[in-house]
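Now for the letters of each chain:
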Amino acid sequence: MKVHLKQIPTQGLHLEGDEDCPIQEVESEGIRCAGPLHYDIDLGVTGGGLWANGSLSQPVELRCVSCLEKFAYEIRVPAFAVHTELLGPETVDLTPFMREDILLNLPAHPHCDRDGNLVCNGKQFEKREPQAQSDWSALDKLKLKS
Ligand SMILES: [Zn+2]
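Since the structure is predicted, the reported quantities are computational estimates derived from the model, not experimental observations.

Focus on the overall build of the protein chain
- The secondary structure content of the protein chain amounts to two helices and seven strands.
- Along its sequence from the N terminus, the protein chain presents helices and strands in the succession β-β-β-β-β-β-β-α-α.
- Counting all 146 residues of the protein chain, 31% fall into the buried class.
- In the protein chain, 59% of the contacts between residues at least 6 apart in sequence involve partners at least 24 apart.
- Accessible surface computed for the protein chain: about 10,000 Å², of which carbon and sulfur atoms make up 50%.

Below, the structure written as structure tokens:
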């Protein structure tokens, strides 16, 4: 999402709309864009910098880590905030900032029942991580032999 600085009046600018999903390059088995990014932000220019704040939402399809079913999820960034220096060009691309904030709000271990709308059938598939066994005692024995 590129912003032309000339289009920003001194009192700031409110922008609301949809953009192409900014995280297409990170799509994988576990995450897919399910629609456009929706943004609702205020922009302004002060003292050689551009600031923006507002909210973002990005519908995606995630895969539940428990039952491996795909489910719809909306990544929300309720407090999107950017302050960046203006380094010459007349346009500023906000997409990298949006992508970063969306990825930060992506659940690391998505569960389909996290919103309470779905019942997850995969609890029985969840594996418990085996406790790492300490092999130091075996190593000590070897050292003693040599
Ligand atoms: Zn599930």
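What to know about unusual backbone geometry
- Unusually for a residue other than glycine, leucine 68 sits at a positive phi of about 65°.
- Relative to the helices and strands, leucine 68 resides in the loop between strand 5 (49-63) and strand 6 (70-85).
- Its relative accessible area of 55% is what places leucine 68 among the exposed residues.

Observations concerning the coordination of the zinc ion
- Looking at the zinc ion, the protein donor atoms are Cys64 (SG), Cys67 (SG), Cys112 (SG) and Cys120 (SG), and they sit 2.2 to 2.3 Å from it.
- Sequence spacing of the donor residues for the zinc ion, all on one chain, is C-x2-C-x44-C-x7-C. Here cysteine 112 lies in the loop between helix 1 (95-104) and helix 2 (136-145) and cysteine 67 lies in the loop between strand 5 and strand 6, a separation of 45 residues in the sequence. Comparing cysteine 67 with cysteine 112 shows no difference in burial state: the two are buried.

Re the confidence of the model for the protein chain
- Per-residue pLDDT for the protein chain has a mean of 85; in total, 84% of the residues score no lower than 70.
- Here helix 2 stands out as the element of the protein chain with the lowest mean pLDDT, 62, in contrast to strand 2 (residues 13-19), whose mean of 96 is the highest.

Remarks on the pairing of strand 6
- Of the strand pairs in this sheet, strand 5 and strand 6 are connected by 14 bridges, and their pairing is antiparallel. Note that in strand 6 the partner of alanine 52 across the bridge is valine 82.
- The turn linking strand 5 back onto strand 6 is made up of six residues, and leucine 68 within it adopts a positive phi angle of 65°.

Here's the deal with the nonpolar core
- Counting residues in each nonpolar core, the largest one holds 30 residues, and the members touching the most others are Ile41, Leu56, Leu94 and Met98.
- Taken together, the elements giving at least two residues each to this core come down to strand 4 (37-46), strand 5, strand 6 and helix 1.
- Residue contributions to this core peak at six residues, all from strand 6.

Considering the side chain of threonine 84
- Residue placement: threonine 84 occurs in strand 6.
- On the accessibility criterion, threonine 84 (17% relative accessible area) is buried.
- Contacts of threonine 84, omitting those with residues within four sequence positions, involve Gly49, Leu50, Val92 and Phe97.

Concerning the pattern of salt bridges
- Within the structure shown, the criterion is met by three salt bridges.
- Between glutamate 74 and arginine 76 there is a salt bridge, with the nearest N and O atoms lying 2.8 Å from each other.
- Among the residues examined, glutamate 74 registers a relative accessible area of 33% and is labelled partly exposed.

Examining the environment of valine 77
- Among the secondary structure elements, valine 77 is positioned in strand 6.
- Linking valine 77 and asparagine 105, residues 28 residues apart in sequence, is a C-alpha distance of 6.7 Å.

Description of the environment of glutamate 90
- Relative to the assigned elements, glutamate 90 resides in the loop between strand 6 and strand 7 (91-93).
- The class for glutamate 90 is partly exposed, based on a relative accessible area of 49%.
- Here the alpha-carbon distance between glutamate 90 and glutamine 7, two residues 83 residues apart in the chain, equals 9.8 Å.
- Aside from chain neighbours lying at most four places away, what touches glutamate 90 is Val3, His4, Leu5 and Lys6.
- Among the polar contacts listed, one links the side chain of glutamate 90 to the side chain of lysine 6, at a separation of 3.5 Å.

The rules behind each value
- Residues numbered from 1 in each chain as written.
- Predicted model: local features only at pLDDT ≥ 70, side-chain atom pairs only at ≥ 80, totals over all residues.
- Heavy atoms only, no water.
- Helix = DSSP H or I, 4+ residues; strand = E, 2+ residues; numbered from the N terminus.
- Buried < 20%, exposed > 50% of the residue type's maximum accessible area, 1.4 Å probe, protein only.
- Contact = heavy atoms within 4.5 Å.
- Areas by Shrake-Rupley, 256 points an atom, 1.4 Å probe, with all protein chains shown as cover.
- Donors = N, O, S within 2.8 Å, 3.2 Å for Na, K, Ca; no water.
- pLDDT = per-residue confidence, 0-100.
- Pairing = 2+ DSSP bridges.
- Core = buried A, V, L, I, M, F, W, Y, C linked by side-chain atoms within 4.5 Å.
- Salt bridge = Lys/Arg side-chain N within 4 Å of Asp/Glu carboxyl O.
- Polar contact = N/O pair within 3.5 Å; in protein donor to acceptor, adjacent residues only side chain to side chain.

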